[in-house]
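If you want the building blocks of each chain, they are given just below.
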Amino acid sequence: MLIFVLVSGAVGVRAFVAGYREAFLSSWLTSVPPRVADQIATVDRVMRPGEALLVTYPGPNPWYARMWQRVLYPRTVVLLSRNQTSAANIARLRARYGIRFAVAIGSPPADPGFARVRDLGPLLGADDRVLFGTLRP
Amino acid sequence: MSFPATAIALTVLLAGGFAAVGEVMLRRRSEGVLGWNESFLVGAGTCAAALFPISLVLGRRALDALMILVGLCLAARVVARVRDRSSRGRRPALPRLAWMDALLVAAIVLTAAAFTILSFRYTFSWDGFQIYASKAKRLFHEGGLTQQWFAEDSYDRRLLEYPPLVAMYEAMLARLRGSFDFDQFKPIFPLFYFSIVVSTFAAVRQRTSLRVALVTALLVGLLPEIATAQAAGGSSDMPLAAFVAGTVAACLRRESRRAVPFLIGSLTAVKNEGTILAIVASGAILWYWYGSGNRTSGGLRPFRKRVKAHAAGIAVVAAYLVSRLAFLRWLDVHDPTYGPINAANLERAVERLGLVVRVCFRLALDPAVWGVLWPLALIASLVLSARGAKSERTLAGALWSAIGAYTAILLFTNWDVELQAVQAYHRLLSQLAPAALVAIALSYWRMRRTFDVQFPATSATRAVMEGARVGR
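Residues numbered from 1 in each chain as written. Chains lettered and ligands numbered in written order. Predicted model: local features only at pLDDT ≥ 70, side-chain atom pairs only at ≥ 80, totals over all residues. Heavy atoms only, no water.

When helices and strands are counted, chain B shows 20 helices and zero strands. In terms of C-alpha radius of gyration, chain B reaches 22 Å, essentially the compact-globule figure of 23 Å for 472 residues. In terms of overall dimensions, chain B has C-alpha extents of about 75 × 65 × 50 Å along its principal axes. Counting over 472 residues, chain B shows a buried share of 57%. The contacts of chain B with a sequence gap of at least 6 include a subset with a gap of at least 24, amounting to 78%. Just so you have it, chain B exposes about 20500 Å², and 64% of that area is on carbon and sulfur atoms. (Helix = DSSP H or I, 4+ residues; strand = E, 2+ residues; numbered from the N terminus. Rg over C-alpha atoms; globule rule 2.2 N^0.38 Å. Buried < 20%, exposed > 50% of the residue type's maximum accessible area, 1.4 Å probe, protein only. Contact = heavy atoms within 4.5 Å. Areas by Shrake-Rupley, 256 points an atom, 1.4 Å probe, with all protein chains shown as cover.)

Attention shifts here to the confidence of the model for chain B. Residues and elements named next belong to chain B. Mean pLDDT for chain B: 91, with 93% of residues reaching 70 or above. Highest mean pLDDT in chain B belongs to helix α11 (residues 260-266) (98); lowest belongs to helix α20 (residues 456-465) (62). Confidence drops under pLDDT 50 across residues 468-472; counting only partners more than four residues distant or on other chains, this segment forms 13 contacts. Two summary scores accompany this predicted model of the complex, namely pTM at 0.94 and ipTM at 0.94. (pLDDT = per-residue confidence, 0-100.)

All names here are of chain B. A surface patch of like charges, here positive, comprises Arg 301, Arg 304, Lys 305 and Lys 308. As for its position among the elements, Lys 305 is in helix α13 (residues 300-309). Classification of Lys 305 as exposed rests on a relative accessible area of 66%. (Patch = residues over 30% accessible without salt bridge, like charges linked within 9 Å, V, L, I, M, F, W, Y side chains within 5 Å. Salt bridge = Lys/Arg side-chain N within 4 Å of Asp/Glu carboxyl O. Lys, Arg positive; Asp, Glu negative; His and termini not counted. Charge placed at Lys NZ, Arg CZ, Asp CG, Glu CD.)

Residue Pro74(A) follows Tyr73(A) across a cis peptide bond; omega there is 15 degrees. Tracing the backbone shows Pro74(A) in the loop between α3 (63-72) and β2 (77-81). With omega at -5 degrees, the peptide bond leading from Ser107(A) into Pro108(A) counts as cis. In this fold, Pro108(A) is placed in the loop between β3 (101-106) and β4 (114-122). Despite not being glycine, Arg27(B) shows a phi value in the positive range, around 50 degrees. Inspection of the secondary structure puts Arg27(B) in the loop between α1 (5-26) and α2 (32-58).

Residue and element names in this part refer to chain A. For β3, a buried count of six out of six residues is recorded, marking the element as mostly surrounded by other parts of the structure. By the alternation rule, side chains of β3 split into Phe 101, Val 103 and Ile 105 and Ala 102, Ala 104 and Gly 106, which are all buried. Bridge count between strand β1 (residues 53-57) and β3: four bridges; the pairing is parallel. If you follow Val 55 over to β3, its bridge partner there is Val 103. (Pairing = 2+ DSSP bridges.)

Here's what the structure looks like:
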């Protein structure tokens, strides 16, 4: 039993050390990293209240794209992975949600049909860039 | 991130409100940390389970109505306590601790502090952010449970099915703050961590020495899956483990029996798997009532008598289960993660059996995550089955039934089975880890008692060495 207690204690302490190392050395202080929060705030300021936004992402990991969606809620944010960005699909979604603006994440980002585009800078921890702009009418 | 003093204060205030709801449900006054912990779990679980029927009736005003209800319960209990204060005697003095026990208490406090710091410093994990906090944000804005998910996201519409306890707590906290901030919810999780430690201590202390209970409480607080990673990342596995620990403690403590049906029912309001656990726990209690293996009290007639005597408790569990199943039916979401039980999937499950067992064994025996917990839990369960009291045999049976059910789920996944197991199995086991530690502690105590009877001289020497005379 003593061995069990010692082994369990050692496993627990080791996990705590690893957890602390990860939390204090490589984790952001906020759930939404500051640069991403700035990029989202920039877009939010430009758009009308309640207006929908299209966000394209390279896939298969939609972590940051979903972060945009969650942070901007209750604004409607429609996410599309790169392989869904056909002109017909985008046209359907634009008609359905009245979308005028899009954010494209990727390296290089997919072009959802930008009329004017603004580079919001790189995505954290990746080679991807974040582009924002109005879509062609 | 600055020190979230307001969030901590509001989290504690809400916890007090949940405890007040628990006191109303249990028709009693909470005494001591164990009583408060039990009331908190019952109240939080009941509010989460009630959110669906209230949402059906009040729509977007459901969350506010629930908060008003919590506030009223809290106010009523505070007034009752203030009125009652004058008539109450002095609190009993804290027991004097042997130096080793004091050291163990200090280690538990230190571990809890370490988890609290880690929890505040860690940002949300995938599940913590993209599932629970996201559901909380929807609940915050929508004011009640709805059938809507984020636009065009058909696959993750399955997340609507996830029970609302963690999201509800976060949304209530945001309502009290007046705005939604993803970084203000971390104080919630240390509460559930403390609850696990307290419940585990209570379960073991009832039947063993103070020292064994303290060691078990310390070990549960040191389990990596309870104290780091997912637990600090805001998922609901650790809160579900708190409800499991609370249920085990209530089942083993005679004075907590009234809370048992509420705690079993509340399992359904925390995480999807909670429904499985509620069914396993209900089955275990029916088995306990039937008295299988007990020649003096078993049988169908006494069983019927016990069922009749506990009809109210059975109705409570049934109400929570019905609420949960009605919620699932109302949502009408098809979760593509798992296939239905039909001939084709059963055939696939049989083919996968070897692989699933192999992978689950590998994960459960991972020394970096579990040490030797699960092999020892198996041995402990066998010891309890052979030598334990009826309730201890029931605990062992329930523990392995739950592990069996959790393993069987993986047979029906539509994902790559190994990937699913690697992502899910540690978390599933973490929900049951407090029960496993309780089983280990109880079997240790059984074996030690047997040893003491057979070798009294040795045990007397050990008792002196362990400070048995210092008022334990």
